[in-house]
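Geometric and topological summary
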Amino acid sequence: MGVFAFSQKINSKIVVNVVFRKQFFFPLVLVALVAIVSCGGGGGGGTGSSSVSGTCGDNATSFSIFCISPVDNSAFVTDSLLQFVITNLESHSYTDGKYSISIFADNLLSEPLEEVDGLTEDENGTVTWAPTITLGSDKVYYWRFSAVFTTSNNKQELETGSFALYTLGSGTLNPIGPRNSGHMDINLSGAFRFAVANLLNSSGPTITYDFELYRDPDMTDLVDSAYDVPQVNSGIHTSWITSAELAQESFYYWRVKPTFNGTPLEWSGPFYFQVKNYCELSGPPYAYYAIEWWRVRECNELLFTNMDEALGRPNASGLTNSEYRGFLSIDFGGELVVEMGSTVLNGSGNDIRVYEYVSTEFIEVFAGMSETGPWYSLGSKWCGEYCDFDLGAGGVSYAKYIKVKDLWHITGSCHASAGADIDAITEIHPFSSSDMCG
Ligand SMILES: [Ca+2]
Ligand SMILES: [Ca+2]
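I will try to describe carefully the structure that is included in this document. (Residues numbered from 1 in each chain as written. Chains lettered and ligands numbered in written order. Predicted model: local features only at pLDDT ≥ 70, side-chain atom pairs only at ≥ 80, totals over all residues. Heavy atoms only, no water.)

Moving on to the overall build of the protein chain. The helix and strand tally for the protein chain stands at one helix and 29 strands. Out of the 438 residues in the protein chain, the part that is buried amounts to 51%. Long-range contacts, defined here as pairs at least 24 residues apart, represent 70% of the contacts in the protein chain between residues at least 6 apart. Summed over all atoms, the accessible surface of the protein chain reaches about 19400 Å², with 49% contributed by carbon and sulfur. (Helix = DSSP H or I, 4+ residues; strand = E, 2+ residues; numbered from the N terminus. Buried < 20%, exposed > 50% of the residue type's maximum accessible area, 1.4 Å probe, protein only. Contact = heavy atoms within 4.5 Å. Areas by Shrake-Rupley, 256 points an atom, 1.4 Å probe, with all protein chains shown as cover.)

Bringing the pairing of strand β9 (residues 139–150) into the picture now. The pairing of strand β6 (residues 98–104) with β9 spans seven bridges and is antiparallel. From the neighbouring strand, phenylalanine 104 faces β9, where its bridge partner is tyrosine 142. For β9 and strand β11 (residues 163–168), the ladder comprises five bridges, and the chain directions are antiparallel. Residue pairing for β11: tryptophan 143 is matched across the bridge by phenylalanine 163. Strand direction decides the pairing type here: β9 and strand β10 (residues 155–159), joined by five bridges, are antiparallel. By the bridge assignment for β10, serine 146 is matched with glutamate 159. As consecutive antiparallel partners, β9 and β10 are separated by four residues. (Pairing = 2+ DSSP bridges.)

Coordination of the calcium ion (ligand 1) by the protein comes from Asn346 (OD1), Gly347 (O), Gly349 (O), Asp351 (OD), Asp351 (OD) and Asp390 (OD), over a distance range of 2.2 to 2.8 Å. Bound by six donor atoms, the calcium ion (ligand 1) shows angles of 50 to 174 degrees at the metal and therefore irregular coordination geometry. When the donor residues of the calcium ion (ligand 1) are listed from N- to C-terminus, their spacing reads N-G-x1-G-x1-D-x38-D. Glycine 347 gets classed as partly exposed once you look at its relative accessible area, which sits at 29%. (Donors = N, O, S within 2.8 Å, 3.2 Å for Na, K, Ca; no water. Tetrahedral: all angles 85-135°; square planar, octahedral: opposite > 155°, others 65-115°.)

Our next topic: the sheet that holds strand β5 (residues 84–88). Ordered by their spatial adjacency, three strands build an open sheet running β3-β5-β8, and the pairing between neighbours is antiparallel. The open sheet is flanked by β3 (66–69) and β8 (126–129), the only strands paired with a single partner. Pairs of neighbouring strands in the sheet enclose a mean axial angle of 10 degrees, with direction left out of account. With four bridges joining them, β5 and β8 adopt antiparallel strand pairing. By the bridge assignment for β8, phenylalanine 84 is matched with tryptophan 129. (Axes fitted to C-alpha atoms, helices over the stretch in contact; angles between N-to-C directions.)

With that settled, the discussion passes to the coordination of the calcium ion (ligand 2). At this site the calcium ion (ligand 2) is bound by Glu309 (O), Asn315 (OD1), Gly326 (O), Asp423 (O) and Asp423 (OD), with donor distances of 2.3 to 2.4 Å. All donors of the calcium ion (ligand 2) belong to a single chain; written as a sequence motif, their spacing is E-x5-N-x10-G-x96-D. Residue glutamate 309 is found in the loop between β21 (287–294) and β22 (328–329), and its partner glycine 326 is found in the loop between β21 and β22; the two are separated by 17 residues along the sequence. Residue class for glutamate 309 comes out partly exposed when judged on its relative accessible area of 27%. According to the relative accessible area criterion, glycine 326 is buried, its value standing at 6%.

Strand order in the open sheet formed by three strands is β12-β14-β17, and the pairing between neighbours is antiparallel. This sheet does not close on itself; its edge strands, each paired only once, are β12 (175–177) and β17 (237–242). Ignoring strand direction, the axes of neighbouring strands in this sheet form an average angle of 30 degrees. Pairing analysis gives two bridges linking β12 to strand β14 (residues 192–197), with the strands arranged antiparallel. Looking at β14, one finds that glycine 177 is bridged to alanine 195.

Taken as a whole, the largest pocket holds about 930 Å³ of empty space. Examining the composition of the lining of the largest pocket, we find that four residues originate from one element, β21, more than from any other. Considering only enclosed or pocket space, the second largest pocket measures out at about 260 Å³ in volume. If you go around the second largest pocket, you meet 15 residues; those closest to its centre are Ser234, Gly235, Ile236, His237 and Glu292. Elements represented by at least two residues in the lining of the second largest pocket include exactly β17, β21 and β23 (335–345). Residue contributions to the lining of the second largest pocket peak at three residues, all from β17. Residue classes in the lining of the second largest pocket are distributed as five nonpolar, six polar and four charged. When residues of the lining of the second largest pocket are assigned to domains, at least three map to each of domain 2 (175–276) and domain 3 (287–427). (1 Å grid on protein atoms, 1.4 Å probe; cavity = no way out; pocket = protein on both sides within 12 Å on 5 of 7 lines; lining within 4 Å. Points joined across faces, edges and corners; volume = space filled by probe spheres on them. Nonpolar A, V, L, I, M, F, W, Y, C, P; charged D, E, K, R; others polar. Domains from an automatic or database assignment.)

To continue, consider the pattern of salt bridges. Overall, the coordinates contain ten salt bridges when judged by the stated rule. In this structure, lysine 276 engages glutamate 249 in a salt bridge whose closest nitrogen and oxygen atoms are separated by 3.0 Å. Remark: glutamate 249 occurs in the loop between β17 and β18 (251–260) and lysine 276 occurs in strand β20 (residues 268–276); sequence separation between them is 27 residues. Of the residues examined, glutamate 249 reaches a relative accessible area of 38% and is grouped as partly exposed. Among the ionic contacts, a cluster of salt bridges with common partners joins Glu335, Lys403 and Lys405. (Salt bridge = Lys/Arg side-chain N within 4 Å of Asp/Glu carboxyl O.)

We now examine the state of the cysteines. A complete count under the given rule lists two disulfides for this structure. In this model cysteine 299 forms its disulfide with cysteine 414; the gap between the sulfur atoms is 2.1 Å. Taking the sign of the S-S torsion, 95 degrees for the link of cysteine 299 and cysteine 414, the bridge is right-handed. Of this pair, cysteine 299 sits in the loop between β21 and β22 while cysteine 414 is found in the loop between β28 (398–406) and β29 (421–427), placing the two residues 115 residues apart along the sequence. We classify cysteine 299 as buried; its relative accessible area is 4%. By relative accessible area, which is 29% here, cysteine 414 ends up partly exposed. In this model cysteine 383 forms its disulfide with cysteine 387; the gap between the sulfur atoms is 2.1 Å. Judged by the sign of its S-S torsion, about -95 degrees, the cystine formed by cysteine 383 and cysteine 387 is left-handed. (Disulfide = S-S within 2.5 Å.)

What follows is the structure, given as structure tokens:
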């Protein structure tokens, strides 16, 4: 992360409290500090606060103060080295500042997770500190610093407001649809949809995505692209639809690059897929790939959180929390999306069977031709051991993706098996090679 200038956008968040003697005005007192309440002549000190304005680096001026890294509202990849760097552009020529840096888990700034005192500037006026704590990913932390500058007859103290630091598990994006090595349905022609898991599920920072679609793995033959696609914060992925025509049976390659609060991260990918006619895709008659599991709330009591337990043939077992095996509890209001091994065709009567365990739960089931919809509701049911759904109820002739949504109130108690407990999702009519979409 680079050196940072206090830009105007960020200035308003930073408050510096200064205690000083009147004669200390030059050169440390800052032109941009306004509304300072100073002490009386020769008095023992005073306080004041204001926004700091200024810049640093090549544009440093007489009222520049500090450059910081990481900058406010930036992202940090948690498996890389975290280091705080503060550069004082003014005082190092004549004073010996003592700095403290604190990290907090919330913006109340009450109890620091870690802090350090007594840091001093090097010959360039730079203070560097690497904390020892490990920051969790997909969170936001806050940090600030304070400093005391002392000369023979002057003392100045300052303390900044907090700077937000977002943590990412990695900057690498997970392709939701088409999944890497997956397929795209030729029947979606004119509306091929690409989706990646959100880099960070927070509406705080501004996150956008660049998409590029190529015909070749070397990514020289561009088919279509979209830039600065805003993150969709109402779910856990962000998608883009191309109107480009894709050729049946052909392979394609795509990549995505996120930009976090104006800072571009690395490209992820390339991911590849093959265009297929989903009406002709056969495979095992059950869910065989878990696409995504979306939850309304954080329910930390959930014990059965392995999405893959909803795949394959039904196998759930056990009678108590310690014995339970073989299912996923999706929590109240939660949604699970799976890819079926075989395309499910609309036969006579019901076509999809959802196996549910533990207790009877209220669910709605949807059919889709892509991992991210559009979704066609097949209706809602109280589901005990299993419950069946008809593709015809959704007006669709086939489906490759199934979404199960828990319909119980999201205020339901958070517990070990909250929400529908999905053991398996199977097709009722076996796919035969002579079958085609109606
Ligand atoms: Ca049917
Ligand atoms: Ca299972």
